[in-house]
Amino acid sequence: MVSFKNTVFTRAGGTTPPAFQPLDVDGVIFLADMIDPQNRNTAFANRRDLEKTTHETRDEVMAGLRGAGYAAVHLEHPSDLTQDLAWARRHVVLSTYGGEVHRSRTTWAPAICEAHDIPYVGLDAYGQGICHSKMAAKRLAREAGLKTPRAREYHAVRDLRHLSDWAFPVIVKPSSEGSSIGISQDSIAHTEDELEAIAAGLFAELDTAVMVEEFVAGREVSFAAIQTHDGAFTSFNEVVVAGAPEYFATRVWDAAEKFRHDLPRRVNSIDAELREEDCLAISRFLTALGDYGYIRLDGRLSGGRLHFLEATPDAWLGVGGQLCQGFENDGWTYAQVIAAIIETARARLPSPAATG
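Residues numbered from 1 in each chain as written. Predicted model: local features only at pLDDT ≥ 70, side-chain atom pairs only at ≥ 80, totals over all residues. Heavy atoms only, no water.

### Re helix α5 (residues 134-144)
When we look at burial in α5, the residues that qualify are K134, M135, A137, K138, L140, A141 and A144. In this fold, the buried residues of α5 make contact with α4 (125-132), β5 (151-154), β6 (170-174), β8 (210-214), α8 (276-289) and β13 (305-312). Of the residues one or two after α5, G145 is the one with positive phi, at around 105 degrees. (Buried < 20%, exposed > 50% of the residue type's maximum accessible area, 1.4 Å probe, protein only. Helix = DSSP H or I, 4+ residues; strand = E, 2+ residues; numbered from the N terminus. Contact = heavy atoms within 4.5 Å.)

Dropping the structure here:
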């Protein structure tokens, strides 16, 4: 397998969008479990299905794959890949499988692909496991030199000790969930009593470990990278709420808003605002993760510096999402973004003839 380098970042806004020849495969398997459209539970903070894919997003990704020159097939569960291994090996797997309960669920797709020699896009199971644990990802980010808010993990109500040493406000969230599951505007605690009450509610409702993290008042930003043999194409973006430039100074981007899109928001490219020291730290972080294909790092921009919150190696790929919209702002088409993401699997194809 060819190893990628992670030390050279090319900002998408300063380049001509790439023109990739489709990989020599029969097509792409989009592995994505679906949100039940009949589930109208309004308690978004406690829903476990928000990492799944909407039917609209599935259709957008499938259309993007076809626009990139691939036949596209949709499967819903990683075990479906094993039903016909000879067929699966002639495809590339693009997985955003979310699952609900098991904390290892994001590792299933790459682990099955590796076990059965099926080409796939993205981080391996080891890297997925690191990123799915917010605490593990934060430790790696801190070692790489990224600013990371102070955080502590608790596993039960009885562990909620030494709360007086927190500098409030803090945010209380599940430590192994994505898509802001378990997070609402009420997740911000300003006192010890509020912290304990929010954490106790999460233990009761979601039965999961809880992370308490310093709340960083700042701009909601993300760093997106699509890997190449020479480094990565990148885009640094900000989520902006129209008419409320200070919105995230006192609020979080919570589960309900991410799903409902009630706010008049947009994604702006702010590449020039990423400092060199943060760029180098991101490079060290991604190098430590290994071959990642594509990834989004989420954080807050405060005092001109990026404060790392979490890594999302299976980022939402719908039209208008942070990752795709950032590259589109830089002059790419949606199909070109999808093509570049699938291109990252070239090194995992099984034969020299296929890899070109």
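Having seen the model, we can carry on.
### Let's talk about the environment of R47
Mapped onto the fold, R47 is located in the loop between β2 (27-31) and α1 (55-67). A sequence separation of 158 residues divides R47 from E205, and the C-alpha atoms of the two residues are 9.4 Å apart.

### Concerning the sheet that holds β2
An order of β3-β2-β4 is seen for the three strands of this open sheet, with the pairing classed as parallel. The two strands at the open ends of the sheet, each matched to only one other strand, are β3 (72-75) and β4 (91-95). Direction aside, the axes of adjacent strands within the sheet are offset by 25 degrees on average. (Pairing = 2+ DSSP bridges. Axes fitted to C-alpha atoms, helices over the stretch in contact; angles between N-to-C directions.)

### A few points about the side chain of N237
Within the secondary structure layout, N237 lies in strand β10 (residues 231-241). Residue classification places N237 among the buried positions, given a relative accessible area of 1%. Only 3.5 Å separates the side chain of N237 from the side chain of S269, close enough to count as a polar contact. (Polar contact = N/O pair within 3.5 Å; in protein donor to acceptor, adjacent residues only side chain to side chain.)

### Details of the pairing of β8
In terms of burial, β8 is a largely internal element, four of the five residues being buried. Sheet topology places β5 next to β8; four bridges connect them, and they run antiparallel. Note that in β8 the partner of Y154 across the bridge is V210. In terms of strand pairing, β6 meets β8 through five bridges, oriented antiparallel. Residue pairing for β8: K173 is matched across the bridge by M211.

### Topic: the nonpolar core
Counting 33 residues, the largest nonpolar core has L94, Y294, L323, F327, I341 and I342 as the members making the most contacts within it. Counting only elements with at least two residues in this core, the list comes to β2, α1, β4, β9 (219-228), α9 (322-329) and α10 (334-343). Those residues within four positions of I341 in sequence are excluded, and the remaining contacts are L94, V121, I226, Y294, L317 and L323. Listed in part, the 29 residues of the second largest apolar core include A137, L146, I270 and L274. (Core = buried A, V, L, I, M, F, W, Y, C linked by side-chain atoms within 4.5 Å.)

### Remarks on the packing of α1 against α10
Where α1 contacts α10, the two axes come as close as 8 Å, and the packing angle between them is 80 degrees. One element, α1, and the other, α10, form an angle in the roughly perpendicular class. Residues E60, V61, G64, L65 and G67 of α1 lie in contact with α10, whose contacting residues are Y334, A335, I338 and I342. (Parallel < 35°, antiparallel > 145°, perpendicular 65-115°, else oblique.)

### Section: the packing of aromatic side chains
Following the criterion strictly, the structure yields five aromatic pairs and no others. When the ring of F327 is compared with that of W332, the centres are 4.8 Å apart and the planes differ by 45 degrees; the resulting orientation is tilted. Comparing F327 with W332 shows no difference in burial state: the two are buried. Members of the aromatic cluster, joined through ring pairs, are F233, F327 and W332. Here the guanidinium or amino end of R150 rests over the ring plane of W166, the centre of that ring lying 4.4 Å away. Note that R348 overlies the ring of Y120, its terminal NZ or CZ placed 4.0 Å from the centroid. (Phe/Tyr/Trp six-rings, centres within 6.5 Å; stacked < 30°, edge-to-face > 60°. Lys NZ or Arg CZ within 6 Å of the ring centre and 35° of its normal.)

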